[in-house]
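Report on the structure
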Amino acid sequence: MSHRGAFIVIEGLDRSGKTTQTETIQKRIQEAGKEVVCIKFPDRSTSIGKMIDSYLRSQSNLDDHVVHLLFSANRWELASTILAHLKQGKVVLCDRYAFSGIAFSVAKNLPPINLAWARAPDASLPSPDLTLFLDISPEAAQSRGGYGEERYEKEGMQRRSQERISDGKGGGKGTWIIVDAGRDMSAVTEEMWVHIRPLLDGLDTPVGRLWD
Ligand code: NYM
């Protein structure tokens with residue numbers, strides 16, 4: 001039976017080093033002779049992504065429930081693409097996924113969004129085989145040059161989302177690894193690589209579904 005590729009998600013707060021690590025890991029996977037496709041959520045290039053982008057940049061206002069559903073719909077837009085790449089044996093490396101979706105929505109102050117409600121729209125999406133959560137304190141993240149100008153890039157919101165980001169991890173059969181992202185970049189890369197390398201030859205199990 002031919003092996004499918006592995007679906008690997010990198011999660012973390014803003015400024016946790018996610019995007020830089022995703023780029024470094026992408027190069028390493030290529031150097032190992034494997035095909036890798038990088039995906040980032042939100043994908044701001046689609047029509048739904050453009051609505052999300054405008055909201056995040058405070059150019060439009062949306063009800064918290066609506067924007068939550070848009071983030072999820074943005075993942076659904078790419079679900080079949082992710083499955084197709086995996087079927088072709090490629091590694092799919094994804095910068096943020098449903099765990100960010102839940103964490104940031106549930107972390108909003110008022111009115112509180114119910115966790116079960118927040119998880120529901122992502123149910124049945126492809127489930128990552130491995131999620132690496134880059135763990136960094138909101139203070140350490142902020143000291144890396146401060147947060148940007150977008151919505152949610154405030155210390156309180158980051159702290160509350162940090163507390164909620166593992167709310168989705170109980171779902172799916174994939175592995176959830178917490179990596180201390182407060183260390184220097186290369187130490188973080190090395191630890192991530194230890195978990196990624198065994199997956200590069202592919203898997204012969206079917207792709208799981210959130211939140212089975
Ligand atoms: N975000 C991201 C959500 O609120 N829900 C989601 O489902 C996802 C994927 O978007 N502050 C938030 C987290 C970030 C913001 O992400 C923009 P990025 O990685 O900075 O483009």
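Read on for a plain summary of the structure. Fair warning: this is a prediction, and the values are worked out from it, not measured in the lab. (Residues numbered from 1 in each chain as written. Predicted model: local features only at pLDDT ≥ 70, side-chain atom pairs only at ≥ 80, totals over all residues.)

Looking at the overall build of the protein chain
Regarding its fold elements, the protein chain presents eight helices and seven strands. In terms of overall size, the protein chain behaves like a compact globule, its C-alpha atoms giving a radius of gyration of 17 Å where 212 residues would be expected to give roughly 17 Å. In terms of overall dimensions, the protein chain has a C-alpha envelope of 50 × 35 × 30 Å along the principal axes. Within the protein chain, residue pairs in contact and separated by at least 24 positions form 83% of the contacts whose partners lie at least 6 positions apart. (Helix = DSSP H or I, 4+ residues; strand = E, 2+ residues; numbered from the N terminus. Rg over C-alpha atoms; globule rule 2.2 N^0.38 Å. Contact = placed C-beta atoms within 7 Å.)

Looking at the site of the ligand
Near the ligand you find Asp 14, Phe 41, Pro 42, Leu 56, Phe 71, Arg 96, Ser 100, Gly 101, Phe 104 and Tyr 152, and these make up its full shell. Looking at the shell around the ligand element by element, the count peaks at three residues for helix α4 (residues 98-106). (Near = placed C-beta within 6 Å.)

Observations concerning the sheet that holds strand β5 (residues 130-135)
If you trace the five strands from one edge of the open sheet to the other, you get β2-β3-β1-β5-β6, paired in parallel fashion. The open sheet has two edge strands with one neighbour each: β2 (36-40) and β6 (175-180). Neighbour-to-neighbour, the strand axes of this sheet turn through a mean angle of 20°, independent of strand direction. Sheet topology note: the strand β1 (residues 7-12)/strand β3 (residues 91-95) ladder contains four bridges and is parallel. Opposite Phe 7, over in β3, you have Val 92 as the bridge partner. Here helix α8 (residues 185-196) sits on the sheet and contacts β1, β5 and β6; the angle it forms with β5, its principal contact strand, is near 165°. (Pairing = 2+ DSSP bridges. Axes fitted to C-alpha atoms, helices over the stretch in contact; angles between N-to-C directions.)

Some remarks on the pairing of β3
By the criterion of burial, β3 is predominantly enclosed, with five of the five residues buried. Where burial is concerned, the two faces of β3 agree: the one with Val 91, Leu 93 and Asp 95 and the one with Val 92 and Cys 94 are both buried. Bridge analysis of β2 against β3 gives five bridges, and the strand direction is parallel. Each bridged residue has a counterpart across the sheet, and for Ile 39 the counterpart in β3 is Cys 94. (Buried ≥ 20, exposed ≤ 12 C-beta atoms within 10 Å, placed from the backbone.)

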